[in-house]
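Next come the chains, spelled out residue by residue.
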Amino acid sequence: MRSHINVRIGGCIKMTYRYPLTNEGINSGCEQIRSFIESAEISNADRIKIPLLIEETLLQYQERFGDGIDFSLNLYTILGAYKIDLRVNCVRFNPFSDANDETQLLNEKILLPLLLQVNSYESTKTSYSYSNGTNRIRITTKTARKHDHKIRIPGGTNTVAVIAAVLCGCLFAFVPETISAFVLESIVQPISSAMLGVISAITIPLIFISVLSSICVMDDIASLNTIGLRSIGRFVMLTALITAVAMVTSELMFPVISISGGTGFSFSELFALLLEIIPRSLITPFVEGNALQIVFIALLVGACILLLDARVPGLKSFVGELNLLIAKMMEVVSVVIPVVIFLSIFQTILKYSLKEILSVWRFVVAAYACQCLVTIALCCYLRFRRKVKIASFVKQISPVLIVSLTTASSTLAIAPMLEVTKNKLEIDEKLCDFWVPISHALFSPSLIPLLTTAGFFGAYYAGQTLSLLNLIVLFLLVIQLGIASPKVPGGVVAVLAILLSQLGLDTEAIGMIMLANVFIINMGTAFGAFVRCCEIRELSYRV
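Everything numeric here is computed off the predicted structure, so don't read it as measured data.

## Some thoughts on the overall build of the protein chain
In step 1: Scanning the protein chain for helices and strands turns up 21 helices and 6 strands.
In step 2: Of all 543 residues assigned to the protein chain, the portion counted as buried reaches 51%.
In step 3: In the protein chain, of all internal contacts separated by at least 6 residues, the share reaching a separation of at least 24 is 78%.

## Points about the environment of Leu 503
In step 1: On the secondary structure map, Leu 503 appears in the loop between helix 19 (491-502) and helix 20 (509-518).
In step 2: Taking the relative accessible area as the measure of exposure, Leu 503 reaches 13% and is therefore buried.
In step 3: In this structure, the C-alpha to C-alpha distance between Leu 503 and Leu 466, residues 37 residues apart in sequence, is 9.1 Å.
In step 4: Once you skip the residues sitting within four places of it in the chain, Leu 503 turns out to touch Gly 455, Asn 470, Val 473, Leu 474 and Leu 477.

## Some details on the nonpolar core
In step 1: Membership of the largest hydrophobic core comes to 118 residues, with the highest contact counts inside it found for Phe 363, Phe 393 and Ile 513.
In step 2: In terms of residue count, the dominant contributor to this core is helix 5 (residues 177-222) (14 residues).
In step 3: Other than its neighbours up to four places away in sequence, Phe 363 contacts Phe 254, Leu 450, Thr 453, Ala 454, Phe 457, Ile 513, Ala 516 and Ile 520.
In step 4: By size, the runner-up hydrophobic cluster in this structure holds 26 residues, among which are Met 15, Ile 33, Ile 37 and Ile 139.

## With respect to the packing of aromatic side chains
In step 1: A complete count under the given rule lists 15 aromatic pairs for this structure.
In step 2: Considering the side-chain rings of Tyr 17 and Tyr 19, the 6.3 Å spacing of their centres and the 15° angle between planes classify their relative orientation as stacked.
In step 3: Tyr 19 sits in the buried class, given a relative accessible area of 3%.
In step 4: A centroid spacing of 5.2 Å and a plane angle of 55° characterise the contact between Phe 254 and Tyr 460, whose relative ring orientation is tilted. Linking Phe 254 in the loop between helix 6 (226-253) and helix 7 (267-276) with Tyr 460 in helix 17 (residues 447-462), this pair joins segments that are 206 residues apart in sequence.
In step 5: According to the relative accessible area criterion, Phe 254 is buried, its value standing at 0%.
In step 6: Judged by its relative accessible area of 33%, Tyr 460 is partly exposed.

## Observations concerning helix 17
In step 1: Given a rise of 1.5 Å per residue, 16 residues ought to cover 22 Å, and the 22 Å separating the end C-alpha atoms of helix 17 matches this to within 8%.
In step 2: The element helix 17 is extensively covered by neighbouring structure, given that 14 of its 16 residues are classed as buried.
In step 3: Where helix 17 terminates, the next one or two residues include Gly 463, which has phi positive at roughly 70°.

## Some words on the environment of Cys 534
In step 1: Inspection of the secondary structure puts Cys 534 in helix 21 (residues 521-542).
In step 2: The class for Cys 534 is buried, based on a relative accessible area of 3%.
In step 3: Once the C-alpha coordinates of Cys 534 and Thr 375 are considered, the two residues, 159 residues apart in sequence, prove to be 9.4 Å apart.
In step 4: Beyond its immediate chain neighbours, meaning those up to four positions away, Cys 534 contacts Leu 378, Leu 382 and Phe 393.

## Some thoughts on the packing of helix 11 (residues 337-351) against helix 20
Packed helix pairs are characterised by how far apart their axes lie and by the angle those axes make with each other.
In step 1: Between helix 11 and helix 20, whose axes approach to 7 Å, the crossing angle comes to 105°. The angle between helix 11 and helix 20 places the two elements in the roughly perpendicular class. Facing helix 11, whose interface residues are Ile 341, Ser 344, Ile 345 and Thr 348, helix 20 presents Gly 511, Met 512, Met 514 and Leu 515.
In step 2: Here the contact of helix 11 with helix 20 is composed, by residue class, of 5 nonpolar, 3 polar and no charged.

## Examining the pattern of salt bridges
In step 1: One pass over the full model with this rule turns up 5 salt bridges.
In step 2: For Arg 34, the salt bridge is made with Glu 31, and the minimal N-O distance between the two is 3.1 Å. Taken together, the positions of Arg 34 and Glu 31, both in helix 1 (residues 23-39) and 3 residues apart, correspond to about one turn of that helix.
In step 3: Of the charged contacts in the structure, one is a salt bridge between Glu 538 and Arg 386, with a shortest N-O distance of 2.9 Å. In this pair, Glu 538 is assigned in helix 21 and Arg 386 in the loop between helix 13 (360-385) and helix 14 (390-407), connecting sequence segments 152 residues apart.
In step 4: Its relative accessible area of 2% is what places Glu 538 among the buried residues.
In step 5: Look at Arg 386 and you get partly exposed, because its relative accessible area is 23%.
In step 6: Residues participating in the shared-partner salt-bridge network are Asp 85, Arg 87 and Arg 136.

## As for helix 9 (residues 291-308)
In step 1: With 18 residues, helix 9 ought to run about 26 Å at 1.5 Å a step, and its terminal C-alpha atoms sit 25 Å apart, in line with that.
In step 2: For helix 9, every residue scored as buried is listed here: Ala 291, Leu 292, Gln 293, Ile 294, Val 295, Ile 297, Ala 298, Gly 302 and Ile 305.

## Points about the pairing of strand 4 (residues 81-89)
In step 1: As defined by bridge partners, strand 3 (residues 70-78) adjoins strand 4 across 8 bridges and the pair is classed as antiparallel. Each bridged residue has a counterpart across the sheet, and for Ser 72 the counterpart in strand 4 is Arg 87.
In step 2: As defined by bridge partners, strand 4 adjoins strand 6 (residues 134-141) across 8 bridges and the pair is classed as antiparallel. Residue pairing for strand 6: Ile 84 is matched across the bridge by Ile 139.

## Let's talk about the packing of helix 4 (residues 157-171) against helix 11
In step 1: Two elements in contact, helix 4 and helix 11, have axes whose closest approach is 8 Å; the angle formed by their N-to-C orientations is 30°. What the angle tells us is that helix 4 and helix 11 run roughly parallel. Seen along the crossing, helix 4 lies across helix 11 with a hand that is right-handed. Residue-level inspection shows Thr 157, Asn 158, Ala 161, Val 162, Ala 164, Ala 165, Val 166, Cys 168 and Gly 169 of helix 4 in contact with helix 11, the latter providing Ile 337, Pro 338, Ile 341, Phe 342, Ile 345, Phe 346 and Ile 349.
In step 2: Among the residues forming the contact of helix 4 with helix 11, the class breakdown is 13 nonpolar, 3 polar and no charged.

## Details of the confidence of the model for the protein chain
In step 1: Chain-level pLDDT for the protein chain is 78 on average; 79% of the residues reach the 70-or-more range.
In step 2: In the model, residues 144-151 has pLDDT below 50 throughout and makes 4 contacts with residues more than four positions away in sequence or in other chains.

The rules behind these values
- Residues numbered from 1 in each chain as written.
- Predicted model: local features only at pLDDT ≥ 70, side-chain atom pairs only at ≥ 80, totals over all residues.
- Heavy atoms only, no water.
- Helix = DSSP H or I, 4+ residues; strand = E, 2+ residues; numbered from the N terminus.
- Buried < 20%, exposed > 50% of the residue type's maximum accessible area, 1.4 Å probe, protein only.
- Contact = heavy atoms within 4.5 Å.
- Core = buried A, V, L, I, M, F, W, Y, C linked by side-chain atoms within 4.5 Å.
- Phe/Tyr/Trp six-rings, centres within 6.5 Å; stacked < 30°, edge-to-face > 60°.
- Expected span 1.5 Å × (residues − 1).
- Axes fitted to C-alpha atoms, helices over the stretch in contact; angles between N-to-C directions.
- Parallel < 35°, antiparallel > 145°, perpendicular 65-115°, else oblique.
- Nonpolar A, V, L, I, M, F, W, Y, C, P; charged D, E, K, R; others polar.
- Salt bridge = Lys/Arg side-chain N within 4 Å of Asp/Glu carboxyl O.
- Pairing = 2+ DSSP bridges.
- Left-handed = near helix turned anticlockwise from the far one by under 90°.
- pLDDT = per-residue confidence, 0-100.

Right under this line is the structure:
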């Protein structure tokens, strides 16, 4: 039986609930928390993270002490911060450090790092204490700024920057050529290059730390059971397949591949390329921004951390904290992303003709073509291999697709995806709770067509060709950056800068790519949600 007390403290109401530690009581308590944070002005990321952590915590207490005890929830706000105070009266047990049941499909050791990657490192704090026979877990989250009443523009401030750049470029058509050249060469280009340099300087170590952190998380996932290993393997496989399809559609729009002539292919060149992945020193790859060598170092360091984990258990925690630090730095620097987009497009308008600028439509067509081909392939597979009725399947996952399409945010689609996969697709609840967060952290199907097409567009834009060796480098870079892309605002621009620089292409193309992304981002996010739904549907048949 639930007991409920409301107490007014100053200008706030403190709500206290008591439930038995049964499955029904845990469900009721988690629903009460969801209701509390639904009415609170907090981030959508925290709306997903908090109930999952509370539910897993209570299940660990139930497994260890049974369902014969009660737990209490205190929900209240203080100075704009929303607080959840969970109390369980029993002997001391810290579910975040004392739990050692590796048969758990989902635990805080795995869930928290993944959710931190997915949700752009939200400012939620969780603490544990024990006093007078009571285990106390407190969660405090900062409030988020109000955005719901505003009109959402596809692409947000990036779209505003694109529109402003086009308008300013049109106005400068009436400015004398000498003034226009002075503004371009003395102001726009130096500032744009400096800002891209700052973004790249932060992105390079972020890629290293992201890969390193992903290795640590993958080890935890893989240690659970074969589901984790199978999920990771399929993420890589699907990323490679989407990249291959994107290369075909990009070549149709931007025919830049050259096999004959001076860019011929030989085994010795391929062997040399593989050897180039191995760095000559630990410092040079970071100075030169060689992404492939940086990933090689990250893999090596990650393997060493896994081997030393038993003797030095704090290494993984240190990597996680370092990941938070670098990501927060990237989040701070990303405020200049709209400025970079504005300057890139503005200088493009001043330097090139209208015909060259309008060639961006090819980029949009190539990306859409890739998304359509992959979508058709997945539908055919589910229909003929798994006998799934596609019309019924699309109808079931439509809430996820609608949220993704209208908000262009994969994070906002996590909650409806969890609900749809559990209730409508009737997939095992533990599998959903495990797979959905990890897929948003390690799998970016919406980003793959953009990055691949960007490589071809960058070569076309610069009047260069791509050899087979260039294609191999592009293929590896897209797979790598698709996994290690910064989960922060403006992370796409940083990844594009790394990609184009690695291929030896002009980063001025970033402005045009972001212009194309305005027309791609919403549909691309919906495409990513569809791929994830298809993948978890397929995985449910295999496990």
